[in-house]
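# Residue-level structure breakdown
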Amino acid sequence: LSESAQRHVAALRLRDGDAITLFDGSGDEWGAELLAGRGRARLTSRRAADRESPLALTLLLGLSAGDRMDYAIQKATELGVRQIVPVMTERSVVRLSAERATRRLAHWRGVVLSACEQCGRNRPPELAPLQSFDEAIFAERTGLKLLLSPDGDQRLGERERPDRKSTRLNSSHTDISRMPS
């Protein structure tokens, strides 16, 4: 087991022979039994368990300081977002060098995996590299696009609900609406 999985097993006070569930990020789950030393497990069964939201949501997440970024990534993962794009905005207080951005991405991947373990999600969202606001907002993405803004002129609840077909990744709908946040 990975170091983080071993810490999780220790925190739950599991013992040799206890049943656990493992996932590898592909959407399958594996039933397993802990072996001596908590560092190893024997796989006992494999099962497909699709818990993904039918909505393919991408979240452009403005870089924030302290634990707020970790918290936002954790909650986005738990809510079923498929892709998280950290974005450096004009007013971002945090500025990351390329080396530090690489370290933060590795840390955020750990946050994503922990959130998956916590909520039972077995397919982690894609975590994109840090991008500028312009790179992120103008990237080729299909589907409905909403920009939440305190100055928006239309509330989210006032919008016409899209049908299932327009929420899929292959949709050609490209409306960018400014919504109050």
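Residues numbered from 1 in each chain as written. Predicted model: local features only at pLDDT ≥ 70, side-chain atom pairs only at ≥ 80, totals over all residues. Heavy atoms only, no water.

### Re the overall build of the chain
For the chain, the helix and strand inventory stands at 4 helices and 9 strands. Seen in sequence order, the chain has helices and strands lined up from the N terminus as α-β-β-β-β-α-β-α-β-β-α-β-β. Put simply, the chain has 181 residues, and 32% of those count as buried. Looking at the chain alone, contacts between residues at least 24 apart form 62% of all its contacts between residues at least 6 apart. Carbon and sulfur atoms provide 50% of the accessible area of the chain, an area that totals close to 12000 Å². (Helix = DSSP H or I, 4+ residues; strand = E, 2+ residues; numbered from the N terminus. Buried < 20%, exposed > 50% of the residue type's maximum accessible area, 1.4 Å probe, protein only. Contact = heavy atoms within 4.5 Å. Areas by Shrake-Rupley, 256 points an atom, 1.4 Å probe, with all protein chains shown as cover.)

### Notes on helix α3 (residues 98-119)
Over its 22 residues, α3 runs 31 Å from end to end, which matches the ideal 32 Å to within 8%, given 1.5 Å per residue. Those residues of α3 lying buried are Ala-101, Leu-105, Trp-108, Val-111, Val-112, Ala-115 and Cys-116. Within α3, the buried residues cover an arc of 135 degrees as seen down the axis, which keeps them to one side. Along α3, the residues that are exposed and aim more than 90 degrees away from the buried face are Glu-99, Thr-102 and Gln-118. Next to the buried residues of α3 lie β1 (19-23), α2 (68-79), β5 (83-88) and β6 (126-127). At the C-terminal side of α3, Gly-120 shows a positive phi close to 85 degrees. (Expected span 1.5 Å × (residues − 1). Arc of directions from axis to C-beta.)

### Points about the environment of Ala-56
Relative to the helices and strands, Ala-56 is located in the loop between β3 (41-48) and β4 (58-62). On the basis of relative accessibility, which here comes to 18%, the residue Ala-56 falls in the buried class. In the structure, Ala-56 is positioned 25 residues away from Val-81 in sequence and 7.0 Å away in space, judged by C-alpha atoms.

### Brief notes about the pairing of β4
The sheet contact formed by β4 and β5 spans 5 bridges and is parallel. If you follow Thr-58 over to β5, its bridge partner there is Gln-83. (Pairing = 2+ DSSP bridges.)

### Quick notes on α2
Between its first and last C-alpha, α2 extends 16 Å over 12 residues, near the 16 Å set by a 1.5 Å rise per residue. Looking only at α2, the buried set comprises Met-69, Asp-70, Ile-73, Ala-76 and Thr-77. With its buried residues spanning 135 degrees around the axis, α2 presents them on a single face. Exposed side chains of α2 directed beyond 90 degrees from the buried face belong to Arg-68, Tyr-71 and Leu-79. Those residues of α2 hidden inside the fold are in contact with β4, β5 and α3. The first or second residue beyond α2 is Gly-80, which carries a positive phi of 100 degrees.

### Describing the side chain of Asn-122
The topology assignment puts Asn-122 in the loop between α3 and β6. Of the polar contacts made by the side chain of Asn-122, one reaches the backbone oxygen of Ala-49; its length is 2.7 Å. Not counting residues within four places of it along the chain, the set of residues in contact with Asn-122 comprises Phe-23, Gly-25, Ser-26, Gly-27, Asp-28, Glu-29, Ala-49 and Arg-51. (Polar contact = N/O pair within 3.5 Å; in protein donor to acceptor, adjacent residues only side chain to side chain.)

### Some words on the confidence of the model for the chain
Looking at the chain, the pLDDT average stands at 82 and 88% of residues meet or exceed 70. Low pLDDT (under 50) marks residues 166-179, which in the prediction has 42 contacts with non-local residues, meaning those over four places away or in another chain. (pLDDT = per-residue confidence, 0-100.)

### Section: the pattern of salt bridges
Under the counting rule described, the total for this entry stands at 8 salt bridges. We note a salt bridge from Arg-46 to Asp-28, for which the minimum N-O separation is 2.5 Å. Here Arg-46, found in strand β3, pairs with Asp-28, found in strand β2 (residues 28-34); they are 18 residues apart in sequence, far enough to count as distant. A relative accessible area of 55% means that Arg-46 is categorised as exposed. On the basis of relative accessible area, Asp-28 is assigned to the buried category, the value being 14%. Between Glu-52 and Arg-121 there is a salt bridge, with the nearest N and O atoms lying 2.9 Å from each other. Pair noted here: Glu-52 is in the loop between β3 and β4 and Arg-121 is in the loop between α3 and β6, with a separation of 69 residues, a long-range link. A cluster of three or more residues bridged by salt bridges with shared partners is formed by Glu-29, Arg-47 and Arg-51. (Salt bridge = Lys/Arg side-chain N within 4 Å of Asp/Glu carboxyl O.)

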